[in-house]
Amino acid sequence: MNILILGLGTGIIFGIIIQKIGASDYDTILGAFRLKDLKIPKVVLLAISIGSVGIAMLNRFGVTPLYLLPFPVFGIVIGGIIFGSGMALSGYCPGSTLVAISEGKIDAIFCLLGGLTGALFYALIYPYIRFYTEELLNLGKISISSLLGINHLYASLIFVALILASLYFFDRTKDASKK
Amino acid sequence: MQNRWSWIKGGIILGIFIILATWSYRPVGVSSSYSTAVSLISVLISEDLFGSNPYLLKYSEWGWQEMLVIGIFFGGLISCRVSGGHGISTIPDSWGKRFGASSALRFLHAFLGGFLIIFGARMAGGCTSGHIISGGSLLIVGSLVFGLMVYISGIIMAKILYNEGIR
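As a starting point, this report considers the structure included with it. Model, not experiment: these values are computed from the prediction.

Criteria and thresholds
Residues numbered from 1 in each chain as written. Chains lettered and ligands numbered in written order. Predicted model: local features only at pLDDT ≥ 70, side-chain atom pairs only at ≥ 80, totals over all residues. Heavy atoms only, no water. Helix = DSSP H or I, 4+ residues; strand = E, 2+ residues; numbered from the N terminus. Buried < 20%, exposed > 50% of the residue type's maximum accessible area, 1.4 Å probe, protein only. Contact = heavy atoms within 4.5 Å. Areas by Shrake-Rupley, 256 points an atom, 1.4 Å probe, with all protein chains shown as cover. Lys, Arg positive; Asp, Glu negative; His and termini not counted. Charge placed at Lys NZ, Arg CZ, Asp CG, Glu CD. Buried area = accessible area lost by both parts, 1.4 Å probe. Salt bridge = Lys/Arg side-chain N within 4 Å of Asp/Glu carboxyl O. Polar contact = N/O pair within 3.5 Å; in protein donor to acceptor, adjacent residues only side chain to side chain. Nonpolar A, V, L, I, M, F, W, Y, C, P; charged D, E, K, R; others polar. Phe/Tyr/Trp six-rings, centres within 6.5 Å; stacked < 30°, edge-to-face > 60°. Patch = residues over 30% accessible without salt bridge, like charges linked within 9 Å, V, L, I, M, F, W, Y side chains within 5 Å. Axes fitted to C-alpha atoms, helices over the stretch in contact; angles between N-to-C directions. Parallel < 35°, antiparallel > 145°, perpendicular 65-115°, else oblique. Left-handed = near helix turned anticlockwise from the far one by under 90°. Core = buried A, V, L, I, M, F, W, Y, C linked by side-chain atoms within 4.5 Å. Expected span 1.5 Å × (residues − 1).

1. Some remarks on the overall build of chain A
So, step 1. Helix and strand counts for chain A stand at eight helices and zero strands.
So, step 2. Reading chain A from its N end, one meets helices and strands in the order α-α-α-α-α-α-α-α.
So, step 3. Considering only C-alpha atoms, chain A reaches an extent of 50 × 45 × 40 Å along its principal axes.
So, step 4. Sorting the 179 residues of chain A into buried and exposed places 54% on the buried side.
So, step 5. Contacts in chain A between residues at least 24 apart in sequence constitute 63% of all its contacts with a sequence separation of at least 6.
So, step 6. Within the structure as shown, chain A displays about 7,700 Å² of accessible surface, and the carbon and sulfur contribution to it stands at 72%.
So, step 7. A distance of 8 Å separates the average location of the 13 positive side-chain charges in chain A from that of its 9 negative side-chain charges.

2. Quick word on the interface of chain B and chain A
So, step 1. Contacts between chain B and chain A engage 114 residues on the former and 109 residues on the latter.
So, step 2. Taken together, the two surfaces of chain B and chain A that pack against each other cover about 10,000 Å², and 76% of this comes from carbon and sulfur.
So, step 3. Three residues, B:Trp7, B:Met123 and B:Leu139, lead the burial of chain B against chain A; their summed loss comes to 9% of the area buried on that side.
So, step 4. Between A:Asp107 and B:Arg106 there is a salt bridge whose closest N-O contact spans 2.7 Å.
So, step 5. Across the contact surface, chain B and chain A share 25 residue pairs in polar contact (both at pLDDT 80 or more).
So, step 6. Listing elements by their share of the side of chain B that touches chain A, those giving two or more residues are helix 1 (7-24), helix 2 (31-45), helix 4 (54-58), helix 5 (64-83), helix 6 (93-99), helix 7 (103-124), helix 8 (128-137) and helix 9 (141-162) of chain B.
So, step 7. Considered class by class, the residues forming the side of chain B that touches chain A number 70 nonpolar, 36 polar and eight charged.

3. With respect to the packing of aromatic side chains
So, step 1. The full count for this structure, using the stated rule, is 18 aromatic pairs over all chains.
So, step 2. Both rings, one in A:Phe121 and one in B:Phe119, keep their centres 5.7 Å apart while their planes meet at 40°; by these two values the pair is tilted. In this pair, A:Phe121 sits in helix 6 (residues 106-135) while B:Phe119 sits in helix 7, so the two residues belong to two different chains.
So, step 3. Judged by its relative accessible area of 38%, A:Phe121 falls in the partly exposed class.
So, step 4. Classification of B:Phe119 as buried rests on a relative accessible area of 9%.
So, step 5. Seen in terms of ring centroids, A:Tyr126 and B:Tyr55 are 4.5 Å apart; in terms of plane orientation they differ by 50°. Their pairing is tilted.

4. Overview of the environment of B:Asn3
So, step 1. Relative to the elements of secondary structure, B:Asn3 occurs in the segment before helix 1.
So, step 2. Sequence spacing of B:Asn3 and B:Arg122 is 119 residues, and the spatial spacing of their C-alpha atoms is 34 Å.
So, step 3. Among residues more than four places away in sequence, those in contact with B:Asn3 are A:Lys20 and B:Ser83.

5. Quick word on the pattern of salt bridges
So, step 1. Under the definition given, this model contains six salt bridges over all chains.
So, step 2. Among the salt bridges present, the one from A:Glu135 reaches A:Arg130, with a minimum N-O distance of 3.1 Å.
So, step 3. A residue is classified by how much of its surface remains accessible, and A:Arg130, at 31% relative accessible area, is partly exposed.
So, step 4. Through salt bridges with shared partners, a single ionic network connects A:Asp25, A:Glu103, A:Lys105 and B:Arg4.

6. Some points on a nonpolar patch on the surface
So, step 1. Taken together, the side chains of A:Met57, A:Phe61, A:Val63, B:Ile8, B:Ile12, B:Ile16, B:Leu20 and B:Trp23 make up a nonpolar region of the molecular surface, amounting to roughly 790 Å² of accessible area.
So, step 2. Ranked by residues supplied to the nonpolar patch, first place goes to helix 1 of chain B with five residues.

7. Quick look at the packing of helix 1 (residues 3-21) of chain A against helix 1 of chain B
When two helices pack together, their arrangement is given by the angle between their axes and by how far apart the axes lie.
So, step 1. One can describe the packing of helix 1 of chain A onto helix 1 of chain B by two numbers: an axis separation of 11 Å at closest approach and a directional angle of 165°. As the angle between them shows, helix 1 of chain A and helix 1 of chain B are arranged roughly antiparallel. Between helix 1 of chain A and helix 1 of chain B the crossing geometry is left-handed. Counting all contacts with helix 1 of chain A, which are made through A:Leu6, A:Thr10, A:Ile13, A:Phe14, A:Ile17 and A:Ile21, the residues of helix 1 of chain B involved are B:Gly10, B:Ile13, B:Leu14, B:Phe17, B:Ala21 and B:Ser24.
So, step 2. Across the contact of helix 1 of chain A with helix 1 of chain B, the residue classes tally to nine nonpolar, three polar and no charged.

8. Notes on the nonpolar core
So, step 1. Membership of the largest hydrophobic core comes to 85 residues, with the highest contact counts inside it found for A:Phe14, A:Phe83, B:Leu14 and B:Ile72.
So, step 2. In contact with B:Leu14, other than residues within four places in its own chain, are A:Phe14, A:Ile17, A:Val43, A:Ala47 and B:Ile133.

9. Notes on helix 1 of chain A
Because an α-helix completes one turn every 3.6 residues, residues spaced three or four positions apart along the sequence face the same direction.
So, step 1. Here helix 1 of chain A contains 19 residues, and its C-alpha end-to-end distance of 27 Å stays within 8% of the 27 Å for a straight helix at 1.5 Å per residue.
So, step 2. Among all positions in helix 1 of chain A, only A:Leu6, A:Gly7, A:Thr10, A:Gly11, A:Phe14, A:Gly15, A:Ile17, A:Ile18, A:Gln19, A:Lys20 and A:Ile21 are buried.
So, step 3. Looking at the buried residues of helix 1 of chain A, the elements they touch are helix 3 (39-60) and helix 5 (94-102) of chain A together with helix 1, helix 5 and helix 8 of chain B.
So, step 4. The N-capping residue of helix 1 of chain A, defined by a side-chain oxygen 2.8 Å from the backbone nitrogen of A:Leu4, is A:Asn2.

Have a look at this one:
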């Protein structure tokens, strides 16, 4: 199958999921940052725990590689801080912006324009900062399994158990506190 | 408000999607496609800019991920139409309650926010899709740290914007 068509189809499904979980909704995202509505964090945690076990199994059977990313500390930490403040300001992330636009949210168009401007700005200053954001203190392509020196599938099973336990107990205490 | 999936249903479906997408080709990502878009736009505007900038040169190919991003837009469109979407809007409810009725101010917040998310994502080498969802599902330490920093930073920014204590 043509890779481009595969990408399109994958994206369409992704867009439907983003829309159906409410991730393109400013009020929902800010609800998460204001610690009033933790739906999106719970969805993401559940999804990555399920995903990690599935991918670990596929990897175990030699079907898919572990696409590891490096850990350049300054790039990750400073980039994350900048990203988080932007997400709380706009209420959107790079993917949900597009879903929001498709839903008729005009402000998301401005978010997209800002994003393209940010991409241009980054490209312009990249040569001057890349040493700091990519090379200085780069811990390499480490995963939880490689860091702890344990089998990746076991690590993912422990990961999902911890997340499911946390989600379960969090939900229970939340319900208990409601009169 | 349209009928949205519960967090359990959404989490399970998203989790299965992550597995299938990764298996079908690659883990999903979005932010680098903004760089690709700028790169391709720059070719049209100034070939000197495009040709002299190593970053734009690096992100100059249209591929699977760029089609994914196009697909995300259409997926949102399909889902919104089928669910009975609520048409054009400019100001989100909770933003309006806090900041008022000025569309111009809302558009400014959105523009600045957009600038920061893509700038931050490119600096970190990924975004909510690339790092948190894909990197998280691969148990990548850097991605999980990114996710943590995003959430902490977002909480602080929300506190500043909405001037409330943290519950």
